[in-house]
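Letter by letter, the chains look like this.
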Amino acid sequence: MFIHIDLDCYFVSAHRILDKTLLNIAVAVGGRNGNDIFSTERLNRKVSINRASFSSKIISSNIKNDKDYFIDENGRIRGIITTASYEARAFGVKTAMSVNEALRICPHLKMIAPNYELYDNLSNKLKELLEFEIPLIEQFSIDEFFGDLSGFVEEDEALEFAKVLKEKIFEKLGLPASIGVAPTKYLSKLMTNFAKPNGVKLLKKDNIEDFTKDILIENFTGIGKSLCEKLRGYNIKTLGDIRKNQKLLYSFGKIGMDTYNRVCGIRDNKLTINKERKSLGIGRSFDTISNREEIKRRVIILSRYLSFIVKKERQNPLSYQIQIRYDSNILLKAQENTNKIFNEFDFKSSMLRLFKEADKHKNHGIIQLYITVFNFTKKNEHTFNLFEYEDDLKKDVLGQKMQNLREKFGVDIVKSAYELRK
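These numbers come from a predicted model, not from an experiment.

Draft legend 1. Highlighting the sheet that holds strand S14 (residues 366-376). Taking strand neighbours across the sheet as the criterion, the four strands line up as S11-S14-S12-S13 in an open arrangement whose pairing is antiparallel. Two strands lie at the open edges of the sheet, namely strand S11 (279-289) and strand S13 (331-337), each paired on one side alone. Within this sheet the neighbouring strands show an average axis-to-axis angle of 15°, counted without direction. Where strand S12 (residues 317-326) meets S14, nine bridges bridge the pair, whose relative direction is antiparallel. Bridge pairing in S14 places Ile324 opposite Leu369. Sheet strands in contact with helix H12 (residues 292-312) are S11, S12 and S14, and its direction is about 155° off that of S11. Each of S12, S13 and S14 touches helix H13 (residues 344-358); the most contacted strand, S12, lies at about 40° to it.

Draft legend 2. Looking closely at the side chain of Gln323. Relative to the assigned elements, Gln323 resides in strand S12. A relative accessible area of 15% means that Gln323 is categorised as buried. Once residues lying within four places of it in the same chain are set aside, the contact partners of Gln323 are Leu331, Leu332, Lys333, Gln368, Leu369 and Tyr370.

Draft legend 3. A look at empty space enclosed by the protein. One pass over the structure, following the stated rule, counts two cavities of 30 Å³ or more. Computed from the structure, the largest cavity encloses a volume of approximately 80 Å³. As for the largest cavity, its lining consists of 13 residues, and the residues nearest its centre are Lys311, Asn343, Glu344, Gly399 and Gln400. Breaking the lining of the largest cavity down by element, the ones donating at least two residues are H12 and helix H14 (389-409).

Draft legend 4. Quick peek at the side chain of Asp241. Structurally, the position occupied by Asp241 is in helix H9 (residues 239-243). Despite its burial, Asp241 pairs with no opposite charge; the closest candidate is Lys244, at 4.5 Å N-O. If we skip the residues at most four places from it in the chain, Asp241 touches Asn235 and Ile236.

Draft legend 5. Just the sheet that holds strand S2 (residues 27-31), in detail. In spatial order, the strands read S5-S2-S6; together these three strands make up an open sheet with mixed pairing. Of all the strands in the sheet, just strand S5 (80-84) and strand S6 (110-112) have a single pairing partner and so form its edges. Shown here is a sheet whose adjacent strand axes are inclined to one another by a mean of 40°, direction ignored. The pairing of S2 with S6 spans three bridges and is parallel. In the strand pairing of S6, Val29 is matched with Ile112. Where helix H1 (residues 10-18) meets the sheet, it contacts S2, S5 and S6, and its direction lies at approximately 110° from that of S2.

Draft legend 6. Up close: the pairing of S12. Of all ten residues making up S12, nine are buried, and the element is well covered by its neighbours. Pairing analysis gives seven bridges linking S12 to S13, with the strands arranged antiparallel. Bridge pairing in S13 places Ser319 opposite Asn337. Here S12 hands over to S13 after four residues, with Asn329 in that stretch at a positive phi of 75°.

Calculation notes
- Residues numbered from 1 in each chain as written.
- Predicted model: local features only at pLDDT ≥ 70, side-chain atom pairs only at ≥ 80, totals over all residues.
- Heavy atoms only, no water.
- Pairing = 2+ DSSP bridges.
- Helix = DSSP H or I, 4+ residues; strand = E, 2+ residues; numbered from the N terminus.
- Axes fitted to C-alpha atoms, helices over the stretch in contact; angles between N-to-C directions.
- Contact = heavy atoms within 4.5 Å.
- Buried < 20%, exposed > 50% of the residue type's maximum accessible area, 1.4 Å probe, protein only.
- 1 Å grid on protein atoms, 1.4 Å probe; cavity = no way out; pocket = protein on both sides within 12 Å on 5 of 7 lines; lining within 4 Å.
- Points joined across faces, edges and corners; volume = space filled by probe spheres on them.
- Lys, Arg positive; Asp, Glu negative; His and termini not counted.
- Salt bridge = Lys/Arg side-chain N within 4 Å of Asp/Glu carboxyl O.

Function cannot be read off these values alone, since they describe shape.
Here is the structure:
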């Protein structure tokens, strides 16, 4: 048997641990998009690497959480909702909704600024708790975990095990959780939807076909928007319809075969324990900027943060890419490959060069930057230019010294003069 643990309204629940006045009222976490990293002010920031979220978050201990923190200098309400409590959802507030709309439909909504350091710490504590309780676990996201109970808990004891585990999570961490229990991994995640809020739901092997037959395909994890549209084109609308069309699903290739097997509860009995990163990236959206010097300054800042992340992850990427989006919504990219030891100094130069190459519409304003690195070298794999190797090593030593300072005092402790230009 497998279980899937999902923390209820995680970000809101985390804040409720610290502030009991937030209990039983409409609360939402969200706000502005973190563009304070481009500020010339000194803030105490660090980077949290949560491997399960497949992205790195910049977190700051300078949490601004005054009443109107989501209002910008021009008096506009900015940002989007990240998490809403069930009390807020009753009024129609939901994830990805603008803060402006959320406050319009729920005027008494209590807005809370995100505290990623808090979320990261609690997620790590939950992982430690689960590793103690279950032999094999997989962290699926910052607030979701799978557990394999095979050979550890008998099928007829799995439901009681999940109930006790849920109580332990609340007792030790103060976090409400919903748990789905099923014979396979993805069906356990499906059952969590029926366990919410703050409950446990079991699906037995003999009941899989009958229970899932009328569930809409969009409610099953792994069936994305494009696959849903493709399936609907064949008049496949429910999981029962998928079960009836094995030959068709298998003709779609791996994605179709995986979908069919997961829906039917077959060949879905392995957890992904150590998922290798394919890439690392960081980006920001902002109001339209036409000044290219300011854009280049932001490229440098993003490059510094990504360099910190790369070093912290002990990776050596051989491919770099920048993506820019114009206010006309045109999206352009530029990419380059290298054979050098990664260092912050050369990386910044590369990103500026790539920005110049990608920026084909210099008369258009820019609203988004995203930089990424990938094609990581394997351990003991040497592809470096021997003529530049000594110079690369010197830069690597200096880069490691800066890394040590940043890990101790924050990512902003060492900046280039170019970043401080206004």
